Amino acid sequence: MTEQPRDPTEGRERGTISLPEPVRSPWFELSRRLLAALAILVGTVLLVYLDRKGYRDGTGPDPGISLIDAIYYTTVTLSTTGYGDISPVTDSARLINAFVITPARIAFLVLLIGTTIEVLASQGREMFRVARWRNKMDHHVVVIGYGTKGRSAVQTLLNNGLQREAIVVVDPSEVAMQDAHADGLAVVSGDATRRGVLRRAGVADAEQVIITTDRDDSNVLATLTVRQLNPDAYIVTAVREHENSPLMRQSGADSVITSSDAVGRLLGLSSVSPTLGTVMEDLLSYGDGLEVAERELLVSEVGRQPQSLPDQVISVVRDEKVYRYFDPVVSQLARGDRLIVVRPAKELPWAPRPGTHNEDAATDAE
């Protein structure tokens, strides 16, 4: 899990350059630095041996320097042990020690000690970040599958005010993980049909779970597993074929979206009436034109007919049941009703219309 960045548009507005961070194994980094340290050691041994006439062994019977003496001198010098039994005596050897071997000694120590500290610090920091993230994960949203449907669902959640820190993506794909990380989302890599993977994603404490894998059988199994782990979560599942929709509901899904039927109906409407298809596409898109939204009923709207409100009311939610605006049951709006409306996309989906923001909702007023 990588660190969750702030708003990605923030860096663009300041013109800051942000490059992707390469993800490598700690063992790879450790091996790479050990090889670099070994290269410094071998290079220094060769340098001392080639300049062996400039060194003198003050303890042995032969003051000359052999290859073994060069290896010995290099190891004790780079490790800063320095017994002093072998020392440079010529000016050239001393200059090489000052400007070559001493920097090599510093680099050698930095590579070995720095690598150890970095590996331990990075692992500890990552464990701390994961533990802190888990402590904050409560009533979050888990999105299983980060393909086209999953990304669109996440974007809709973000546009409606949900924080990025409250979304967890579950997907085994490396590409999906990179895309989710680029969007600032936490990712749990693995098969969403496995309990252990879903537990790591905090499904047991999630408020909502969105399941959007590319296979209906995987969606069914994931739905069953999620429902067993969290009986209270609101589960929204996508299916490719309409005939699998009842099976998905029996598995525990609260809402089932048939993607093939929705796309086919939009294609048919566009063929019959291009203008009607354009309007439907406008309603399904976010951020421009018209938007379907849900809001609370205002005090001033209690007792009125749905057709008489400034918003274009298409449905009324009463006692957790959805009624069409022309249903006689909702001919007069009552306290506690919620409205499904068509309104300009620039308005907040959950807010009253502009000019009435200071009015009390009918559920809050006495």
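Rules used in this analysis
- Residues numbered from 1 in each chain as written.
- Predicted model: local features only at pLDDT ≥ 70, side-chain atom pairs only at ≥ 80, totals over all residues.
- Heavy atoms only, no water.
- Core = buried A, V, L, I, M, F, W, Y, C linked by side-chain atoms within 4.5 Å.
- Buried < 20%, exposed > 50% of the residue type's maximum accessible area, 1.4 Å probe, protein only.
- Helix = DSSP H or I, 4+ residues; strand = E, 2+ residues; numbered from the N terminus.
- Phe/Tyr/Trp six-rings, centres within 6.5 Å; stacked < 30°, edge-to-face > 60°.
- Patch = residues over 30% accessible without salt bridge, like charges linked within 9 Å, V, L, I, M, F, W, Y side chains within 5 Å.
- Areas by Shrake-Rupley, 256 points an atom, 1.4 Å probe, with all protein chains shown as cover.
- Salt bridge = Lys/Arg side-chain N within 4 Å of Asp/Glu carboxyl O.
- 1 Å grid on protein atoms, 1.4 Å probe; cavity = no way out; pocket = protein on both sides within 12 Å on 5 of 7 lines; lining within 4 Å.
- Points joined across faces, edges and corners; volume = space filled by probe spheres on them.
- Nonpolar A, V, L, I, M, F, W, Y, C, P; charged D, E, K, R; others polar.
- Domains from an automatic or database assignment.
- Contact = heavy atoms within 4.5 Å.
- UniProt positions renumbered as here; feature names shortened; annotations may be inferred.
- Axes fitted to C-alpha atoms, helices over the stretch in contact; angles between N-to-C directions.

### Quick notes on the nonpolar core
Okay, step 1: Counting residues in each nonpolar core, the largest one holds 24 residues, and the members touching the most others are Val142, Ile144, Val170, Val209 and Val226.
Okay, step 2: At the level of secondary structure, the elements contributing two or more residues to this core comprise β3 (141-144), β4 (167-170), α7 (195-200), β6 (208-211), α8 (216-229) and β7 (234-239).
Okay, step 3: With 4 residues, α8 is the single largest residue contributor to this core.
Okay, step 4: Among the nonpolar cores identified, the runner-up in size contains 15 residues, and Tyr146, Val154, Ala176 and Val187 belong to it.

### Quick look at the packing of aromatic side chains
Okay, step 1: By the definition in use, this model includes 1 aromatic pair.
Okay, step 2: A ring pair is formed by Tyr325 and Phe326, whose centres lie 5.3 Å apart and whose planes are at 80 degrees; its orientation type is edge-to-face.
Okay, step 3: A relative accessible area of 53% places Phe326 in the exposed class.

### Digging into a nonpolar patch on the surface
Okay, step 1: Taken together, the side chains of Leu35, Leu38, Val42, Leu46 and Leu50 make up a nonpolar region of the molecular surface, amounting to roughly 520 Å² of accessible area.
Okay, step 2: Relative accessible area serves as the criterion here: at 48%, Leu46 is assigned to the partly exposed category.

### Let's talk about the layout of surface pockets
Okay, step 1: If you add up the space inside the largest pocket, you get close to 2500 Å³.
Okay, step 2: Surrounding the largest pocket, 47 residues form its lining, Thr156, Val236, Ser255, Ile257 and Val292 being those nearest its centre.
Okay, step 3: In the lining of the largest pocket, the residues fall into 27 nonpolar, 13 polar and 7 charged.
Okay, step 4: Shared between two domains, the lining of the largest pocket holds at least three residues of each, these being domain 2 (140-263) and domain 3 (289-365).

### Remarks on the side chain of Ser255
Okay, step 1: By secondary structure assignment, the location of Ser255 is in strand β8 (residues 255-258).
Okay, step 2: In this view, Ser255 contacts Tyr234, Ile235, Val236, Thr237 and Arg249; residues no more than four positions away in its chain are not counted.

### Describing unusual backbone geometry
Okay, step 1: At Asp319, a residue that is not glycine, the phi angle is positive and equals roughly 55 degrees.
Okay, step 2: Considering the arrangement of structural elements, one finds Asp319 in the loop between β10 (312-318) and β11 (321-324).
Okay, step 3: You will see that Glu320, though not glycine, has its phi angle at about 65 degrees, which is positive.
Okay, step 4: Position of Glu320 relative to the elements: it lies in the loop between β10 and β11.
Okay, step 5: What makes Glu320 exposed here is its relative accessible area of 65%.

### Thoughts on the UniProt feature "transmembrane region" (unreviewed entry) in the protein chain
Okay, step 1: Following the UniProt record, one finds the feature "transmembrane region" (unreviewed entry) at residues 34-50 and 95-121.
Okay, step 2: Structurally, residues 34-50 comprises 100% helix and 0% strand, and the distance from its first C-alpha atom to its last is 24 Å.

### Things to note about the packing of helix α10 (residues 259-272) against helix α11 (residues 274-284)
Okay, step 1: Viewed as axis vectors pointing N to C, α10 and α11 meet at an angle of 145 degrees, and their least axial separation amounts to 5 Å. The residues of α11 that touch α10, namely those facing Leu266, Leu269, Ser270 and Val272, are Pro274, Leu276, Gly277, Met280, Glu281 and Leu284.
Okay, step 2: Residue classes in the contact of α10 with α11 are distributed as 7 nonpolar, 2 polar and 1 charged.

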